[in-house]
Amino acid sequence: MFSKETYVNRRAELKKRVGSGMLLFLGNDDCGCNYADNTYPYRQDSTFLYYFGLPFAGLSAVIDIDNDREIIFGDELTIDHIVWMGTQPTLHEKAHSVGVDTVLPSAELADMLEKARKEGRNIHYLPTYRAEHVLKLWKLLDVKPGAEQPSIDFIRGVVDMRNHKTPEEIEEIEKACNVTADMHIAAIRAVRPGMNEYEVAAVIEGVAASNNCSLSFPTICTVNGQTLHNHYHGNVIKPGDMVLIDAGAERPSGYAGDMSSTICADRTFTPRQKSIYDIQVASHLAAVDMLAPGVPFVDVYERSAAVICAGLKDLGIMKGDPLEAVKAGAHAMFFPCGLGHMMGLDVHDMENLGEVWVGYGGKPKSTQFGRKSLRLARPLEEGFVLTIEPGVYFIPELIDLWKGEGLFTDFIDYRELDKWRDFGGIRNEEDYLITSDGARRLGKKIPLTTEEVEALR
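Residues numbered from 1 in each chain as written. Predicted model: local features only at pLDDT ≥ 70, side-chain atom pairs only at ≥ 80, totals over all residues. Heavy atoms only, no water.

(A) Molecular detail of the sheet that holds strand 12 (residues 259-264). Across the sheet, which stays open at both edges, the three strands sit in the order 9-10-12 with antiparallel pairing between neighbours. Of all the strands in the sheet, just strand 9 (220-222) and strand 12 have a single pairing partner and so form its edges. On average, each strand axis in the sheet is tilted by 10 degrees relative to the strand beside it, whichever way the strands run. Of the pairings in the sheet, the one linking strand 9 to strand 10 (residues 242-247) comprises three bridges and is antiparallel in character. For Thr 222, the partnering residue across the bridge sits in strand 10 and is Leu 244. Where helix 8 (residues 167-190) meets the sheet, it contacts strand 10 and strand 12, and its direction lies at approximately 10 degrees from that of strand 12. (Pairing = 2+ DSSP bridges. Helix = DSSP H or I, 4+ residues; strand = E, 2+ residues; numbered from the N terminus. Axes fitted to C-alpha atoms, helices over the stretch in contact; angles between N-to-C directions. Contact = heavy atoms within 4.5 Å.)

(B) Spotlight on the pattern of salt bridges. The tally for this structure, following the rule as stated, stands at 36 salt bridges. The shortest N-O distance in the salt bridge between Lys 238 and Asp 241 comes to 3.6 Å. We classify Lys 238 as partly exposed; its relative accessible area is 46%. Classification of Asp 241 as buried rests on a relative accessible area of 14%. One salt bridge connects Lys 419 with Glu 416, and the closest N-O pair in it is separated by 3.0 Å. A network of salt bridges, in which partner residues are shared, links Arg 11, Lys 15, Asp 68 and Glu 70. (Salt bridge = Lys/Arg side-chain N within 4 Å of Asp/Glu carboxyl O. Buried < 20%, exposed > 50% of the residue type's maximum accessible area, 1.4 Å probe, protein only.)

(C) Region of interest: the sheet that holds strand 4 (residues 60-64). Here we have five strands laid out as an open sheet, ordered 6-5-4-1-7, and mixed in their pairing. Of all the strands in the sheet, the pair left with one neighbour each is strand 6 (102-105) and strand 7 (123-124). Sheet topology places strand 1 (residues 22-26) next to strand 7; two bridges connect them, and they run parallel. When the bridges of strand 7 are listed, Leu 23 appears paired with His 124. Packing against the sheet, helix 1 (residues 4-18) makes contact with strand 1, strand 4, strand 5 (69-74) and strand 7, and its axis sits at approximately 130 degrees to strand 1.

So this is what it looks like as structure tokens:
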């Protein structure tokens, strides 16, 4: 948690941005994993954390803009709770610590909202991402599942604030990035042929735990790097493999780090591996070089993709003009995902609020395969924190599909591409803060080039 003043000031700014009505904040509840008392690790809703700072289950809040009231709803612990959980500050003490003076029992939230509805007042709420929130909106506001109409004013107010990180937020993110870097450095040193993927994942996650951090997302640790979000850890690492790691630490404050590495199973990369790896690094560095306020991130993405196309053209896998290949969408054979995303209290920051607002400033997204997965396209601004993570992937199923449909034959030499179909995938990722005159990498440097990786092998 930050100081009381931080949360008071954030709520005051949000009230100015939205202007009128009531803002409803639904905190997260505990959720049973396989029975009620065996819960998943608890994580508070990030927007609730941002404005109210309380990482406790069972809370909701209302900001009544018209009457200048802020209220936290919850229930005091009973003796049964205390026996099992120990003594905690009272709800009043928790609320006071973030500058809220009014606390009401959870049961009174429904009555307050019902009264507001009868008065015809505007009740703003955000998009849901949990079933419990869907059910609460149904109960509290008679909004049936599937009929939700989140407040655009509320969304934009939150996004415009959370997208711009303050110095105290940047400090927390950098701490998360430092632990994240240590997770990757430990993995690079640990990988050996004969190990199971889950043994490497255990090394990674042990570094997070030993630094009082949780994971900002489920660890990716795989010899099948062509599968973008592969959470299976059951393969044995063999000589000649590469291991793609995508892992991040989350601070107790909720702020995240997110980095990726690709590691040769042997002491060195083979010439074949290095030829593709160097293309990925060139794409990565080209993207980093463009980061600055005012630069549309879609331009950074296109430059990064064009570098990949040019490199693959040198290997005979692609042909034609790289820029035209990107414009047509042929690059998505090898780069079917985005270049990066916002990062903060969520590893994909505010993704539940809608990429069209977070990453596009309200402008529509492309529907083109590959480009439609670009989570961030808007002009960059000072205070943005984002990832840079171009990849080069050889996905056999996609190769067979496009080849069978005769797609992009002006740009892809399928005969040559078939020789690489079992190569796998490569991704490296770093986290950057947009500054007044450029960008700054957050956290310790992790190995990027083949020479840097091999030096730790």
